[in-house]
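Read off the chains here:
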Amino acid sequence: MNRLLKVSMALSLLLSIPLMADESFGGVGITIVPAKEGVRVVEVIPGTPAAEAGVLPEDRICAVDAVSITGKSFDEARDALRGQKGKPVEISVIREADTLSLTMRRKTLTIKDYSEQSIEKWYGKDKSSYSKEELEAVALQGASSDAE
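Along each chain, residue indices are assigned from 1 in the same order as the chain's sequence is written. Since the coordinates come from a predicted model, pLDDT governs what is reported: local features require at least 70, and pairs of side-chain atoms require 80 or more to be given and counted, while whole-chain, interface and lining totals use all residues. Neither water nor hydrogens contribute to the side-chain values; these are computed over all heavy atoms in the structure.

**A closer look at the packing of aromatic side chains**
Two rings belonging to Phe, Tyr or Trp (six-membered ring only in the last case) form a pair when the distance between their centres is within 6.5 Å. Interplanar angles under 30 degrees mark stacking, angles over 60 mark edge-to-face geometry, and anything in between is tilted. Within the structure shown, the criterion is met by zero aromatic pairs. Placement of a positive charge over a ring is assigned whenever Lys NZ or Arg CZ falls within 6 Å of the ring centre and within 35 degrees of the normal to the ring plane. For the cation-ring pair, Arg-82 lies above Phe-25, with the distance from its terminal atom to the ring centre recorded as 3.6 Å.

**Concerning the confidence of the model for the protein**
A residue's pLDDT is the confidence the predictor assigns to it, expressed on a 0 to 100 scale. Summary statistics for the protein give a mean pLDDT of 77 and a share of 60% for residues scoring 70 or more. Within the model, the stretch residues 4–8 combines pLDDT values under 50 with eight contacts to residues more than four positions away or in other chains. Note on definitions: a residue-residue contact is assigned when non-hydrogen atoms from the two residues lie within 4.5 Å. Confidence drops under pLDDT 50 across residues 11–20; counting only partners more than four residues distant or on other chains, this segment forms 17 contacts.

**Section: the nonpolar core**
Core analysis: the largest hydrophobic core is formed by 18 residues, its most contacted members being Ile-30, Val-55, Ile-61, Leu-81, Ile-91 and Met-104. In contact with Ile-30, other than residues within four places in its own chain, are Val-41, Glu-43, Val-44, Ala-50, Val-55, Ile-61 and Leu-81. Residues belong to a common nonpolar core when they are buried Ala, Val, Leu, Ile, Met, Phe, Trp, Tyr or Cys residues joined through side-chain atoms within 4.5 Å. To sort residues, take the accessible area from a 1.4 Å probe on protein chains only and compare it with the maximum for the residue type: under 20% means buried, over 50% means exposed, and anything in between is partly exposed.

**Concerning the pairing of strand β7 (residues 98–105)**
The pairing criterion for strands is at least two bridges between them, as found by DSSP. Note on conventions: DSSP H or I runs of at least 4 residues are helices, E runs of at least 2 residues are strands, and numbering of each starts at the N terminus. With eight bridges connecting them, strand β6 (residues 88–95) and β7 associate as antiparallel partners. Residue pairing for β7: Glu-90 is matched across the bridge by Thr-103. Adjacent in sequence and paired antiparallel, β6 and β7 are bridged by two residues, among which Glu-96 carries a positive phi angle near 55°.

**Re unusual backbone geometry**
Look at Glu-58: it is not a glycine, yet its phi comes out positive at around 80°. The backbone of Glu-96 sits at a positive phi, close to 55°, despite the residue not being glycine. Here Glu-96 shows up in the loop between β6 and β7. Using a relative accessible area of 73% as the deciding quantity, one classes Glu-96 as exposed.

Shown next as structure tokens:
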């Protein structure tokens, strides 16, 4: 994927965030989209249980706690990944031709609400000249997780 497309995707993700209010939940720290096998990992947030367990972007999650999420709605798949802080969760991941089992312990994650004005305050009106890493760094400034 070329750099401009990656920056454009990161910017689209950031600009879609205002649709969500601040929200805290027990989770593993990934951004997902629907996929034929269940869900596909788009992003793994650094320092989260998913990152520590070795989940990678483009992994496809097909089961949570030995229960298939193939054919489930996106909301059902997302809710299966979320749960009580501190509770372990096992995911089955399809990576290339292999199926892996990864176990991690959920922790409290917070999604912060951003407005387009706050993003413009940080970057100005032309956001296309910034790297994906720079845009992610700004997003992470507002996102927090507990240290437990």
